[in-house]
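Here is what each chain is made of, one letter per residue.
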Amino acid sequence: MKNKLLMLLTAALISVLITIPAFAEENEYKFSAINLIISVQEDFNVLTRSVSESNPALEILGTNAITMQNSFIQNNIYLNAFPDDLSYEILVTCVPLANKENAGFDTLEASALQEYMERLNAEFAAAENTELLFIDLYENDTTKYIHTVTHSVTEVSQREVSVYSERYYTVMNGFNYYFTLQTNDMEIDSALSAILTDMVNGAQYTTVKSSLSESGLFNEMFETFVGFGLTVLILGTVLFMITRKPKRKH
């Protein structure tokens, strides 16, 4: 009986250890540098500029935290989300406006955005390697977006790769925001498109206070201490169950 109870308790504690990271803001990611809050599906691997070396997503990509952080900074990336099979990825990028006085898309008339889309059409028509498959104006409760789907062919590891890209682009609060879903050798179907649209609809453009959680060093220390603390808790509980004296029956 005691052994069975011990096994059940140990299994429960291990279950807590496995699920403990999920409590942190329930996949909500906040970026004080660009005043943006994003929600990401819980089954995605997610990397941000505060990635720690212990993040399992790094192993899937075969890289390390420093390399990813440098890449994110150089390419204006704030978040990268992808499934385990790497069949596609979602990137959130942001660039400050050159002229902070430019109006955001939320205040622009549809006619001004239509003119912008016509210019984009002309630019893609003149491009040699990229084809514009779709373009329209998308509007939700927060703002307006230029919504595009493109196709291009690029060379990767000495072979041609067919790249499909769906993007929502908007201007808000002095920033250019881009939400991009990209696949290699696979067309973007309605199910994938819906994942990106949900992320866009959940985006919050609001003032975000800076916090320690945006620091990679803090995240690494937190994960280390949490892992160590839970290990001690499990071992201590197991030791207590093994060494305690059973109550005598009268």
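Because the structure is predicted, anything quoted here is derived from the model rather than measured. (Residues numbered from 1 in each chain as written. Predicted model: local features only at pLDDT ≥ 70, side-chain atom pairs only at ≥ 80, totals over all residues. Heavy atoms only, no water.)

(A) How the structure looks around the packing of aromatic side chains. Under the defined criterion, the tally for this structure stands at twelve aromatic pairs. Taking 6.4 Å as the distance between ring centres and 75° as the angle between the ring planes, the aromatic pair formed by Tyr-145 and Phe-179 counts as edge-to-face. Residue Tyr-145 is found in strand E7 (residues 144-156), and its partner Phe-179 is found in strand E9 (residues 175-184); the two are separated by 34 residues along the sequence. Judged on exposure class, the residue Tyr-145 and its partner Phe-179 are both buried. Centre to centre, the rings of Tyr-169 and Tyr-178 are 4.8 Å apart; their planes meet at 15°, and the pair counts as stacked. Taking relative accessible area as the criterion, Tyr-169 reaches 10% and is therefore assigned buried. One aromatic cluster is present, formed by Phe-105, Tyr-116, Tyr-169 and Tyr-178 through successive ring pairs. Sitting over the ring of Tyr-78, Arg-49 keeps its end group 3.8 Å from the ring centre. (Phe/Tyr/Trp six-rings, centres within 6.5 Å; stacked < 30°, edge-to-face > 60°. Helix = DSSP H or I, 4+ residues; strand = E, 2+ residues; numbered from the N terminus. Buried < 20%, exposed > 50% of the residue type's maximum accessible area, 1.4 Å probe, protein only. Lys NZ or Arg CZ within 6 Å of the ring centre and 35° of its normal.)

(B) Molecular detail of the sheet that holds strand E1 (residues 28-31). The strand order across the open sheet formed by three strands is E1-E2-E10, and the pairing between neighbours is antiparallel. Because the sheet does not close on itself, it has two edges, and the strands there are E1 and strand E10 (204-205). Of the strand pairs in this sheet, E1 and strand E2 (residues 36-39) are connected by four bridges, and their pairing is antiparallel. By the bridge assignment, Phe-31 is partnered in E2 with Leu-36. (Pairing = 2+ DSSP bridges.)

(C) Looking closely at the environment of Leu-113. On the secondary structure map, Leu-113 appears in helix H4 (residues 110-126). Residues Leu-113 and Asp-136 lie 23 residues apart in sequence; the distance between their C-alpha atoms is 9.7 Å. For Leu-113, the contacting residues outside a window of four places in its chain are Phe-105, Leu-108, Leu-137, Lys-144 and Ile-146. (Contact = heavy atoms within 4.5 Å.)

(D) Structural context of the confidence of the model for the protein chain. Taken residue by residue, the protein chain gives an average pLDDT of 83. The fraction at 70 or more is 74%. Ranking the helices and strands of the protein chain by mean pLDDT puts strand E4 (residues 77-82) first, with 98, and helix H1 (residues 2-19) last, with 46. When the criterion is pLDDT under 50, residues 8-25 qualifies, and its contacts beyond four places in sequence or with other chains add up to 13 contacts. In the predicted structure, residues 221-232 sits below a pLDDT of 50 and forms six contacts with residues beyond four places in sequence or in another chain. (pLDDT = per-residue confidence, 0-100.)

(E) Spatial organisation of the sheet that holds E4. Within the open sheet, the seven strands sit side by side as E3-E4-E5-E9-E8-E7-E6. Their pairing is antiparallel. Since the sheet does not close on itself, it has two edges, and those belong to strand E3 (45-48) and strand E6 (130-139), each with one partner. Sheet twist, expressed as the average angle between the axes of neighbouring strands with direction ignored, equals 20°. Sheet topology places E6 next to E7; nine bridges connect them, and they run antiparallel. (Axes fitted to C-alpha atoms, helices over the stretch in contact; angles between N-to-C directions.)

(F) Spatial organisation of a negative patch on the surface. Negative charge collects at one region of the surface, where Glu-42, Asp-43, Asp-84 and Asp-85 lie side by side. Tracing the backbone shows Asp-43 in the loop between E2 and E3. Residue classification places Asp-43 among the exposed residues on the basis of a relative accessible area of 58%. (Patch = residues over 30% accessible without salt bridge, like charges linked within 9 Å, V, L, I, M, F, W, Y side chains within 5 Å. Areas by Shrake-Rupley, 256 points an atom, 1.4 Å probe, with all protein chains shown as cover. Salt bridge = Lys/Arg side-chain N within 4 Å of Asp/Glu carboxyl O. Lys, Arg positive; Asp, Glu negative; His and termini not counted. Charge placed at Lys NZ, Arg CZ, Asp CG, Glu CD.)

(G) Looking closely at the side chain of Thr-183. Here Thr-183 shows up in strand E9. Sequence-distant contacts of Thr-183, defined by excluding residues within four places in its chain, comprise Ser-87, Tyr-88, Ser-162, Val-163, Tyr-164, Ile-188 and Leu-192.

(H) View of the layout of surface pockets. A volume near 370 Å³ is recorded for the second largest pocket. In terms of lining residues, the second largest pocket is bounded by 19 residues, among which Thr-148, Ser-165, Arg-167, Tyr-178 and Thr-180 are the most central. Residues that form the lining of the second largest pocket fall into these classes: nine nonpolar, nine polar and one charged. (1 Å grid on protein atoms, 1.4 Å probe; cavity = no way out; pocket = protein on both sides within 12 Å on 5 of 7 lines; lining within 4 Å. Points joined across faces, edges and corners; volume = space filled by probe spheres on them. Nonpolar A, V, L, I, M, F, W, Y, C, P; charged D, E, K, R; others polar.)

(I) Quick look at the environment of Tyr-205. With respect to the secondary-structure elements, Tyr-205 resides in strand E10. In this structure Tyr-205 comes out as buried when scored by relative accessible area, which is 12%. With sequence-adjacent residues up to four places away left out, Tyr-205 is seen in contact with Asn-35, Leu-36, Thr-142, Thr-143, Tyr-145, Thr-170, Met-172, Asn-173, Tyr-177 and Phe-179.

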